[in-house]
Amino acid sequence: MKRQKRDKLTRAHAKGYQAGISGRSKENCPFQQNDARSQWLGGWREAVEDRHLGLGVK
């Protein structure tokens, strides 16, 4: 049975989270489409909040 790829919006959110948790700027968003961009930024915001709470890469 083939594995299904995660949909693009879920991947965009995950990539944004990874960028935010590692301290990268939100200006580095690689997406141009509004939906994917907003998902990426949502993930980035979540990660920044988590970093402020002390959950992050050390």
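Within any chain, residue numbers begin from 1 and follow the written order of that chain's sequence. Reporting of local features is limited, given that this is a predicted model, to residues whose pLDDT is at least 70; pairs of side-chain atoms are given and counted only at 80 or more, and all residues count toward the totals for whole chains, interfaces and linings. Note: side-chain values were computed over all heavy atoms of the structure, leaving out hydrogens and water.

This part takes up the overall build of the chain. The number of helices and strands found in the chain is two helices and zero strands. When a residue's accessible area, from a 1.4 Å probe over protein chains only, is under 20% of the maximum for its type it is buried; when over 50% it is exposed; and in between it is partly exposed. Buried residues in the chain amount to 26% of all 58 residues. Residue contacts follow a heavy-atom distance rule, with two residues in contact if any of their heavy atoms lie within 4.5 Å. Contacts in the chain between residues far apart in sequence, at least 24 positions, make up 67% of those at least 6 positions apart. Numbering of helices and strands starts at the N terminus; helices are DSSP runs of H or I of at least 4 residues and strands are runs of E of at least 2.

Now for the nonpolar core. For soluble globular proteins, nonpolar side chains are generally found buried alongside one another. The nonpolar core is taken to be a set of buried Ala, Val, Leu, Ile, Met, Phe, Trp, Tyr and Cys residues, with the residues joined through side-chain atoms within 4.5 Å. Ala19, Cys29, Trp40, Leu41, Trp44 and Val48 together form the largest nonpolar core, which totals six residues. It is helix 2 (residues 34-52) that contributes the most residues to this core, four residues altogether. Ala19 has contacts with Arg24, Trp40 and Trp44, leaving out every residue within four places of it along the chain.

Take the packing of helix 1 (residues 8-21) against helix 2 next. For the pair helix 1 and helix 2, the least separation of the axes is 6 Å and the interaxial angle reads 35°. In terms of crossing hand, the pair formed by helix 1 and helix 2 is right-handed. Every residue of helix 2 that contacts helix 1 at Leu9, Ala12, His13, Lys15, Gly16, Tyr17, Ala19, Gly20 and Ile21 is listed here: Asp35, Ala36, Gln39, Trp40, Gly42, Gly43, Trp44, Glu46, Ala47, Val48, Asp50 and Arg51. In terms of residue class, the contact of helix 1 with helix 2 is made up of ten nonpolar, six polar and five charged. Axis lines are fitted through C-alpha atoms, for helices just across the contact stretch, and the angle between N-to-C directions can take any value from 0 to 180 degrees. Should the near helix be turned counterclockwise from the far one by less than a right angle, the crossing is left-handed, whereas a clockwise turn marks it as right-handed. Each residue receives one of three labels: charged for Asp, Glu, Lys and Arg, nonpolar for Ala, Val, Leu, Ile, Met, Phe, Trp, Tyr, Cys and Pro, and polar for the others, Gly being one of them.

Expected helix span is computed as 1.5 Å times (number of residues minus one). In this model helix 2 runs 27 Å from its N-terminal to its C-terminal C-alpha over 19 residues, within 8% of the 27 Å that 1.5 Å per residue would give. On its buried face, helix 2 sits against helix 1.

Its 14 residues place the ends of helix 1 20 Å apart at the C-alpha level, agreeing with the 20 Å of an ideal helix rising 1.5 Å per residue. Ala12, Gly16, Ala19, Gly20 and Ile21 are the residues of helix 1 that are buried. Along its buried surface, helix 1 packs onto helix 2. Downstream of helix 1 by a residue or two, Gly23 has a phi angle that is positive, lying close to 90°.

Mapped onto the secondary structure, Asp50 falls in helix 2. No salt bridge forms around the buried Asp50; measuring N to O, its nearest opposite-charge neighbour Arg51 is 9.9 Å away. Filtering out sequence-adjacent residues up to four positions away, Asp50 remains in contact with Tyr17, Ile21 and Leu55. Neither His nor the chain ends is counted toward charge; the positive residues are Lys and Arg and the negative residues Asp and Glu. Each salt bridge in this description consists of a side-chain nitrogen of Lys or Arg and a carboxyl oxygen of Asp or Glu lying within 4 Å of one another.

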